[in-house]
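Spelled out, the chains give:
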Amino acid sequence: MKKIVIVGGGIAGMGIANTLADKLKGKAEITVINKEDFYFAGPSRPLILTGEQNYHRIIRGYENVGVKGIKLVVGNVYKVDPDNRKVYVSESTFGNKDLVLDYDYLVLTPGIVFDGSKITGYEKYWWKNTTVYDPGRVNVLKERLWTQNEGTVIVYAPKAPYRCAPAPTETTLLAHTVLTHRGVRQKFNIIHIDANDKTQPPFIMDIVKQTYDKAGIQLVTNQEITEIGEDYVVTSSGEKYKYTILAMLEPNRAPKFIDEAGLGKGFVDIRSPQDLRHPKYDDVLSAGDAAKLPFPKNQEIAFESAMFAANKILEMEGVSEKVPVQYAFVGWAYMGNLEGKLETLSLQFQMDLTTQPPKPTKDPQLKRDYTLQKDRWEQAYLEKLFGYKAI
């Protein structure tokens, strides 16, 4: 029986685990390693700021996937030895100590690490920062937006690629929504600093800029934050911006064990978007945010790349049946509510990455129904991958 070890139990990891459990029944032992015994979904986290999303609806446990024979190991992978097919896992909350797992196939889907180490002052003032990306920090950001009565909100997006391209824009507009709802918006400046030449994804930049102008939001592009102080940040041009609330997304990278194992710098090297194997190792694959894909890092790409990775393992195992998949998806970006109603409007867009150059399209009309569509889409994924609905 083949041993398949999957590092990371998010959308990509569970997509692969479920697919292989269905297609290789009785022929494979599938183990998922995750650093927690739960998964916290990402796409709708910004709506926690407005109270339109609740934690219990986007958190899932892994117990129901055990029905398919999928095993869960809770712990932190700190070393991978691809030459000897071994994965090393540190102590977990379940009492496992220094587990060493052998594998026939290793799939790396650990997600990304937020790394602010190259920002001067980050080590000292990390606690001043918040983001919508982390389950704890989004809650801190919410508390600050709902309790402070004047000042400046700074939102920052690092150089792409980073997880969930529209999230900094979503954070900015939802901050505007909350402060307007509270009746204190006129006492705040809101500044979005972006290290890219356009807000991401770039093909919705025109709608974002129009909305920012209506909301009185300042946009600064092509500027990286290079320093953080107790109440200010400094950009690469030397400009200093004072803040009272900071929502700075740190640069993204894969966990260090990837680099240390010689599997890639920054992200895991792959052969192509359709062949997710490592260039040197046929038995090591990657998918999702950690893979060095030439695409945005979002939930749809995570899942689609996972299906390509699963198909490659099925092919190597002599299974002719493949999962239908292509890099094309519908997405939504939260655009807040300029009137301060806690009823977020969204922009819908489509991205077809099967052609070069890609063919993006969008509906320039912001709609409440698009927000509800995104919620149904996210909930459908969670039910499919984790085996139950939120109650």
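The rules we used
- Residues numbered from 1 in each chain as written.
- Predicted model: local features only at pLDDT ≥ 70, side-chain atom pairs only at ≥ 80, totals over all residues.
- Heavy atoms only, no water.
- Helix = DSSP H or I, 4+ residues; strand = E, 2+ residues; numbered from the N terminus.
- Rg over C-alpha atoms; globule rule 2.2 N^0.38 Å.
- Buried < 20%, exposed > 50% of the residue type's maximum accessible area, 1.4 Å probe, protein only.
- Contact = heavy atoms within 4.5 Å.
- Areas by Shrake-Rupley, 256 points an atom, 1.4 Å probe, with all protein chains shown as cover.
- Lys, Arg positive; Asp, Glu negative; His and termini not counted.
- Charge placed at Lys NZ, Arg CZ, Asp CG, Glu CD.
- Pairing = 2+ DSSP bridges.
- Axes fitted to C-alpha atoms, helices over the stretch in contact; angles between N-to-C directions.
- Expected span 1.5 Å × (residues − 1).
- Arc of directions from axis to C-beta.
- Polar contact = N/O pair within 3.5 Å; in protein donor to acceptor, adjacent residues only side chain to side chain.
- Domains from an automatic or database assignment.
- Buried area = accessible area lost by both parts, 1.4 Å probe.
- Salt bridge = Lys/Arg side-chain N within 4 Å of Asp/Glu carboxyl O.
- Nonpolar A, V, L, I, M, F, W, Y, C, P; charged D, E, K, R; others polar.

**Comments concerning the overall build of the chain**
Looking only at helices and strands, one finds nine helices and 23 strands in the chain. In summary, the chain has a C-alpha radius of gyration of 21 Å against a globular reference of 21 Å for 391 residues, a match within 12%. Buried positions account for 56% of the 391 residues belonging to the chain. Considering only intrachain contacts with a sequence separation of at least 6, the fraction spanning at least 24 residues in the chain is 66%. For the chain, the accessible surface area stands at approximately 16700 Å², while carbon and sulfur atoms represent 49% of it. Taking the 50 positively charged and 48 negatively charged side chains of the chain as two groups, their mean positions are separated by 1 Å.

**Some details on the sheet that holds strand S1 (residues 2-7)**
The five strands are arranged S5-S2-S1-S9-S20 in an open sheet whose pairing can be described as parallel. The open sheet has two edge strands, strand S5 (71-74) and strand S20 (284-286), and neither has a second partner. Averaged over all pairs of adjacent strands, the angle between their axes in this sheet comes to 20 degrees, without regard to strand direction. Sheet analysis places S1 next to strand S9 (residues 105-108), joined by four bridges and oriented parallel. For Val-7, the partnering residue across the bridge sits in S9 and is Leu-108. Sheet strands touched by helix H1 (residues 11-23): S1, strand S2 (28-34) and S9. Its angle to S2, the strand with the most contacts, is close to 165 degrees. Where helix H8 (residues 299-316) meets the sheet, it contacts S1, S9 and S20, and its direction lies at approximately 155 degrees from that of S20.

**Re helix H4 (residues 135-147)**
With 13 residues, H4 extends 19 Å from end C-alpha to end C-alpha; this agrees with the ideal 18 Å at 1.5 Å per step. Buried residues of H4: Arg-137, Val-138, Leu-141, Arg-144 and Leu-145, and no others. Looking down the long axis of H4, one finds its buried residues gathered within 120 degrees of arc, a one-sided arrangement. The N-capping residue of H4, defined by a side-chain oxygen 2.9 Å from the backbone nitrogen of Gly-136, is Asp-134.

**Examining the domain arrangement of the chain**
For the chain, the assigned domains are domain 1 (2-35 + 75-112 + 254-324) and domain 2 (114-252 + 329-386). Taken over C-alpha atoms, the centre of domain 1 sits 30 Å from the centre of domain 2. Together, the buried faces of domain 1 and domain 2 total about 1700 Å²; carbon and sulfur atoms form 66% of this surface. Linking domain 1 with domain 2 are one salt bridge. The closest approach of N and O atoms between Asp-289 and Arg-163, which form a salt bridge, is 2.7 Å. If one sorts the elements of the side of domain 1 that touches domain 2 by residue count, H8 sits on top with five residues. Its residues assigned to classes, the side of domain 1 that touches domain 2 shows eight nonpolar, six polar and four charged.

**Description of the environment of Ile-11**
By the element assignment, Ile-11 lies in helix H1. Distance from Ile-11 to Gly-111, taken between C-alpha atoms, is 9.5 Å for residues 100 residues apart in sequence. Those residues within four positions of Ile-11 in sequence are excluded, and the remaining contacts are Tyr-39, Gln-299, Ala-302, Phe-303 and Leu-385.

**Focus: unusual backbone geometry**
With an omega dihedral of 10 degrees, the bond running from Ala-160 to Pro-161 counts as a cis peptide bond. Take Pro-161: it is sitting in the loop between strand S12 (151-157) and helix H5 (167-182). The step from Gln-200 to Pro-201 runs through a cis peptide bond, and the omega angle for that step is -10 degrees. Positive phi is not limited to glycine here, since Cys-164 has a value of about 60 degrees. Tracing the sequence through the fold places Cys-164 in the loop between S12 and H5. The backbone of Asn-222 sits at a positive phi, close to 60 degrees, despite the residue not being glycine.

**What about the environment of Ala-306?**
With respect to the helices and strands, the residue Ala-306 is situated in helix H8. For Ala-306, a relative accessible area of 0% puts it in the buried group. Distance from Ala-306 to Ile-154, taken between C-alpha atoms, is 35 Å for residues 152 residues apart in sequence. Those residues in contact with Ala-306, other than ones at most four positions away along the chain, are Ala-12, Ile-16 and Ala-287.

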